[in-house]
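Reading the structure
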Amino acid sequence: MNRELTQPGTGTRQFAIQLSATRRGARLARLLAVEELRSWGLPLETPAHVIAELAANAALHGHLPGRDFRLTLAVVGDDVLRIEVIDPRGDRLPAPVQEPAEGESGRGLLLVEALADRWGVTPGPAPCKTVWAEIDLPTGSRQPRPGGPRPGNPRHVVL
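Right, let's walk through the structure included here. (Residues numbered from 1 in each chain as written. Predicted model: local features only at pLDDT ≥ 70, side-chain atom pairs only at ≥ 80, totals over all residues. Heavy atoms only, no water.)

Another aspect to go through is the pairing of strand E6 (residues 129–136). Within E6, seven of the eight residues are buried, which leaves the element mostly enclosed by the surrounding structure. Strand direction decides the pairing type here: strand E4 (residues 80–87) and E6, joined by eight bridges, are antiparallel. Residue pairing for E6: Glu 84 is matched across the bridge by Trp 132. The pairing of strand E5 (residues 118–123) with E6 spans six bridges and is classified as antiparallel. Directly across from Arg 118, in E6, lies its bridge partner Glu 134. (Buried < 20%, exposed > 50% of the residue type's maximum accessible area, 1.4 Å probe, protein only. Helix = DSSP H or I, 4+ residues; strand = E, 2+ residues; numbered from the N terminus. Pairing = 2+ DSSP bridges.)

Within the element layout of this structure, Thr 72 appears in strand E3 (residues 68–76). Aside from chain neighbours lying at most four places away, what touches Thr 72 is Gln 14, Phe 15, Ala 16, Arg 82, Ile 83 and Glu 84. (Contact = heavy atoms within 4.5 Å.)

Tallying each qualifying case throughout the model produces seven salt bridges. The residue Asp 87 makes a salt bridge to Lys 129 at a minimum N-O spacing of 2.8 Å. Taken together, the residues Asp 87 in strand E4 and Lys 129 in strand E6 connect sequence positions 42 residues apart. Look at Lys 129 and you get buried, because its relative accessible area is 4%. Notably, a salt bridge pairs Arg 118 with Glu 134, separated by 2.8 Å at the nearest N-O pair. Of the two residues, Arg 118 sits in strand E5 while Glu 134 sits in strand E6, which places them 16 residues apart along the sequence. (Salt bridge = Lys/Arg side-chain N within 4 Å of Asp/Glu carboxyl O.)

Its 16 residues give helix H2 (residues 45–60) an end-to-end C-alpha distance of 23 Å, which sits within 8% of 22 Å, the value for a rise of 1.5 Å per residue. Burial in H2 covers these residues: Pro 47, Ala 48, Val 50, Ile 51, Leu 54, Ala 55, Ala 58 and Ala 59. Taken end-on, H2 shows its buried residues confined to a sector of 165 degrees, consistent with a single buried face. H2 presents Glu 45 and Leu 60 as exposed residues on the side facing more than 90 degrees away from its buried surface. On its buried face, H2 sits against helix H1 (23–40), E3, E4, helix H3 (108–115) and E6. (Expected span 1.5 Å × (residues − 1). Arc of directions from axis to C-beta.)

Below, the structure is given as structure tokens:
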């Protein structure tokens, strides 16, 4: 299920989607999130990279058979995009960020650390963990694009 939640009358924007913890689910998380950010008139490139890494980590390291992961985007105040990915493996916290050994993996959280203004891990909701990142938005970037969703008028889409 894919749904956007907008707090009526406040202009607060939130988007949440639950996806299968697979490579396809991680790719879909990035694609759907980019379209949502585009409809909100927000910058795309940096959030897209952060979302891709956090969703890929949820699919690879946070996977439990039969359990999904959840992606949430929210504009906090007028100037922060908060990205949260909840996966069912609260027992597997990300290792401290360090230079990866030679190879093709192990760079995801380095990229998140380089691109996000803040990031971290919060336990819960039990038995899950939430890996989050915040990106400071440029002033005035929160204006909706013409034809996009309006505050107080949520869109609901079922996949």
